[in-house]
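Each chain is listed here by its residues.
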Amino acid sequence: MQRKKELMDQKIEAAQRKTGVLVINAGNGKGKSSSGFGMVMRAMGHGMQVGVVQFIKGAMSTGEEIFLRRFPDEVSFHAMGEGYTWETQNRERDIEKAQLAWQKAKEFLSDPKIGMVLLDELNIALKYHYLDVQQVIADLDARPEMQHVIITGRGALPELIEVADTVTEMQVVKHAFKDGIVAQAGIEW
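As the structure is a prediction and not an experimental result, all values here were calculated from the model.

Peer 1: For this particular structure, what's the right way to read the environment of isoleucine 12?
Peer 2: Position of isoleucine 12 among the secondary structure elements: in helix 1 (residues 2-14). Isoleucine 12 gets classed as exposed once you look at its relative accessible area, which sits at 53%. Sequence spacing of isoleucine 12 and alanine 156 is 144 residues, and the spatial spacing of their C-alpha atoms is 29 Å.

Set out below in structure tokens:
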């Protein structure tokens, strides 16, 4: 443990740059949005203003939306999709909704008072080419220096992974749905 402490102390000493962090939570496992919302609550605990934009989601209210709407002075929450892509069956409408959501995201990304922006399910909107990944990257690069951004969703594009600071891929080990257990409030949404 002494050697481990020495190594960790050296790493901590070397990591002194302060800047906003771009985090991507991807993969097919559960927990991408849950992790993002956990970071939102952590940021709120530190007094940060937070902007949330949900891509794809929006057809039904989620527990995180219901909860965070209790804090309108701290969180600006925008669920701007119309539901799962396999349910909507209207690519043009999905593209239109994603582009409107990106306009809201750009407002947050240009506001230095917003300390954290959660772009929930943005990876899906990019994977299906509802938005141009190069424009998204340019807008992310232009954000205030100390602003943190969390991006969630399956299928993160390589271009986005390249510019991110931290990328976590959630993997499925076991999931209740495969055993016939229905998605439930408080667990899935």
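Still more ground to cover, so stick around.
Peer 1: Mind showing me how you'd approach the sheet that holds strand 2 (residues 49-54) here?
Peer 2: Sheet strands pair via backbone hydrogen bonds, and the direction of the pair is either parallel or antiparallel. Spatially, 3-2-4-5-1-6 is the arrangement adopted by the six strands of the open sheet, whose pairing is parallel. Where the open sheet ends on each side, the last strands, each with one partner, are strand 3 (75-79) and strand 6 (166-170). The sheet shows a mean angle of 10° between the axes of neighbouring strands, direction not considered. Where strand 2 meets strand 3, five bridges bridge the pair, whose relative direction is parallel.

Peer 1: So what exactly am I meant to see when it comes to the pattern of salt bridges here?
Peer 2: A side chain of one charge can pair with a side chain of the opposite charge if their charged atoms are brought near each other. Within this structure, the stated rule accounts for seven salt bridges. Notably, a salt bridge pairs arginine 69 with glutamate 65, separated by 2.9 Å at the nearest N-O pair.

Peer 1: Got a minute to help me understand the layout of surface pockets in this structure?
Peer 2: To locate leftover empty space, one rolls a probe as large as a water molecule over the atoms. Empty space within the second largest pocket amounts to approximately 160 Å³. Together, Val21, Val23, Met39, Arg42, Ala43, Met48, Met116, His148 and Ile150 line the second largest pocket. The dominant element in the lining of the second largest pocket, judged by the number of residues it contributes, is helix 2 (residues 32-45), at three residues. Of the residues assigned to the lining of the second largest pocket, the class counts are seven nonpolar, one polar and one charged.

Peer 1: Can you walk me through the nonpolar core in this structure?
Peer 2: Among soluble globular proteins, nonpolar side chains are generally buried collectively. If you look at the biggest cluster of nonpolar residues, it comprises 32 residues, and the most contacted ones within it are Phe55, Trp102, Leu119, Leu122, Leu131, Leu140 and Ile151. Broken down by secondary-structure element, the contributors of at least two residues to this core are strand 1 (22-27), helix 5 (91-109), strand 4 (114-120), helix 6 (122-127), helix 7 (133-141) and strand 5 (148-152). Considering every element that reaches this core, the biggest residue donor is helix 5, with six residues. Ignoring any residue separated from it by four or fewer positions in sequence, one finds tryptophan 102 in contact with Phe55, Leu109, Leu119, Leu122, Leu131, Val136 and Asp139.

Peer 1: Where do I start with the environment of arginine 143 in this structure?
Peer 2: Looking at where arginine 143 falls in the secondary structure, it is placed in the loop between helix 7 and strand 5. Taking relative accessible area as the criterion, arginine 143 reaches 14% and is therefore assigned buried. Put simply, arginine 143 and serine 110 are 33 residues apart on the chain and 5.5 Å apart in space, counted from C-alpha to C-alpha. Of note is the side chain of arginine 143, whose polar atom sits 2.9 Å from the backbone oxygen of glutamine 147.

Peer 1: When you look at the side chain of glutamate 65 in this model, what are you seeing that I'm missing?
Peer 2: Note on placement: glutamate 65 falls in helix 3 (residues 63-68). On the basis of relative accessibility, which here comes to 11%, the residue glutamate 65 falls in the buried class. Within the structure, glutamate 65 has its side chain in polar contact with the side chain of serine 61 (distance 3.5 Å). Setting aside residues no more than four positions away along its own chain, glutamate 65 makes contact with Phe77 and Ala79.

Definitions and limits used
Residues numbered from 1 in each chain as written. Predicted model: local features only at pLDDT ≥ 70, side-chain atom pairs only at ≥ 80, totals over all residues. Heavy atoms only, no water. Helix = DSSP H or I, 4+ residues; strand = E, 2+ residues; numbered from the N terminus. Buried < 20%, exposed > 50% of the residue type's maximum accessible area, 1.4 Å probe, protein only. Pairing = 2+ DSSP bridges. Axes fitted to C-alpha atoms, helices over the stretch in contact; angles between N-to-C directions. Salt bridge = Lys/Arg side-chain N within 4 Å of Asp/Glu carboxyl O. 1 Å grid on protein atoms, 1.4 Å probe; cavity = no way out; pocket = protein on both sides within 12 Å on 5 of 7 lines; lining within 4 Å. Points joined across faces, edges and corners; volume = space filled by probe spheres on them. Nonpolar A, V, L, I, M, F, W, Y, C, P; charged D, E, K, R; others polar. Core = buried A, V, L, I, M, F, W, Y, C linked by side-chain atoms within 4.5 Å. Contact = heavy atoms within 4.5 Å. Polar contact = N/O pair within 3.5 Å; in protein donor to acceptor, adjacent residues only side chain to side chain.

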